Amino acid sequence: MKDLNIEIAIKIYTYDELTTADQALMDAACEATRRSYAPYSHFSVGAAARLANGTVVSGSNQENAAYPSGLCAERTTLFYANSQYPDQAVETLAVAARNERGEFLEEPIPPCGACRQVMLETQTRYNRPMRILLYGTKGIYEMKSVGALLPLSFDASAMEV
Ligand code: THU
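Residues numbered from 1 in each chain as written. Predicted model: local features only at pLDDT ≥ 70, side-chain atom pairs only at ≥ 80, totals over all residues. Heavy atoms only, no water.

Thoughts on the environment of S60
- Within the element layout of this structure, S60 appears in strand β3 (residues 56–60).
- In this structure, the C-alpha to C-alpha distance between S60 and C72, residues 12 residues apart in sequence, is 6.8 Å.
- Side-chain polar atoms of S60 contact the backbone oxygen of R35, separated by 3.0 Å.
- In this structure the side chain of S60 is engaged in a polar contact, spanning 2.9 Å, whose partner is the side chain of Q62. (Helix = DSSP H or I, 4+ residues; strand = E, 2+ residues; numbered from the N terminus. Polar contact = N/O pair within 3.5 Å; in protein donor to acceptor, adjacent residues only side chain to side chain.)

Now the structure itself:
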C-alpha cells in the first residue's frame, strides 16, 4: 500500500489586497449576481472572465422550471467568452454569490463539479493556466490554475493511446 497525498495551494486575499484589475473583475462578478435569474433557488451567482486581450465578460446563473435545463454562472460565462472570443484564453475567472437574503456569502463560493470540469476544458483548450478567484466576504480565494479545484481530473489526454 502507498499513500498519495495531493497538496492544493490557495492564497486568501482581502478585497483591498487585490490588484486594481482583479478588484474590477471581482466587482464585475458581484455586479453580475444582480442579473441572475434564480426564481427557484433564490441563490444568485455571478462570474466574470478576464481574457488574454483584457476584455472582461460576465454572466450569471440562469434557472429553468425544468431544473436541469438551467445553467450555473461559471458555465454561462465561460461558454459566452469561448463563443464570442474563441481565440482568447481566459486568464482569470472570478465568481461571487448572494444567498436568498441577498447577502454575499461569507465563505468563498465553491463551484460545482460540472463547472470545474468546464473550467478545466477551457484551460486545456488554450493551454494556459486559468486563475480562479472565489469571493467570500471573509476572504477571497485565489487558485493559480484549475488543477487546484479538480485534482485527478479527466481530460482528453486520458483517451490517448
Ligand atoms: N450555481 C452557480 O451558478 N454556480 C455555482 O458555483 C454553484 C451553483 C447556481 C446553480 C443554481 O442556479 C443555483 O446556483 C443553486 O444551485
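Okay, back to it.
Concerning the packing of helix α2 (residues 73–84) against helix α3 (residues 113–126)
- One can describe the packing of α2 onto α3 by two numbers: an axis separation of 9 Å at closest approach and a directional angle of 25 degrees. One element, α2, and the other, α3, form an angle in the roughly parallel class. Along this stretch, α2 crosses α3, giving a crossing that reads as left-handed. Where α2 approaches α3, its residues E74, R75, L78, F79 and N82 are matched on the opposing element by A114, C115, V118, M119, T122, R125 and Y126.
- Looking at side-chain class alone, the contact of α2 with α3 contains seven nonpolar, two polar and three charged residues. (Axes fitted to C-alpha atoms, helices over the stretch in contact; angles between N-to-C directions. Parallel < 35°, antiparallel > 145°, perpendicular 65-115°, else oblique. Left-handed = near helix turned anticlockwise from the far one by under 90°. Contact = heavy atoms within 4.5 Å. Nonpolar A, V, L, I, M, F, W, Y, C, P; charged D, E, K, R; others polar.)

Brief notes about the pattern of salt bridges
- As enumerated under the stated definition, the model contains nine salt bridges in all.
- Put simply, D22 and R131 hold a salt bridge, and the shortest N to O gap is 2.8 Å. Of this pair, D22 sits in helix α1 (residues 20–32) while R131 sits in strand β5 (residues 131–134), and the two are 109 residues apart along the sequence. Accessibility classification places D22 together with R131 in one group, the buried group.
- For E91, the salt bridge goes to R50, with nearest N and O atoms at 2.9 Å. In this pair, E91 sits in strand β4 (residues 90–98) while R50 sits in strand β2 (residues 44–51), placing the two residues 41 residues apart along the sequence.
- The network of salt bridges with shared partners includes D22, R50, E91, R131, E142 and K144. (Salt bridge = Lys/Arg side-chain N within 4 Å of Asp/Glu carboxyl O. Buried < 20%, exposed > 50% of the residue type's maximum accessible area, 1.4 Å probe, protein only.)

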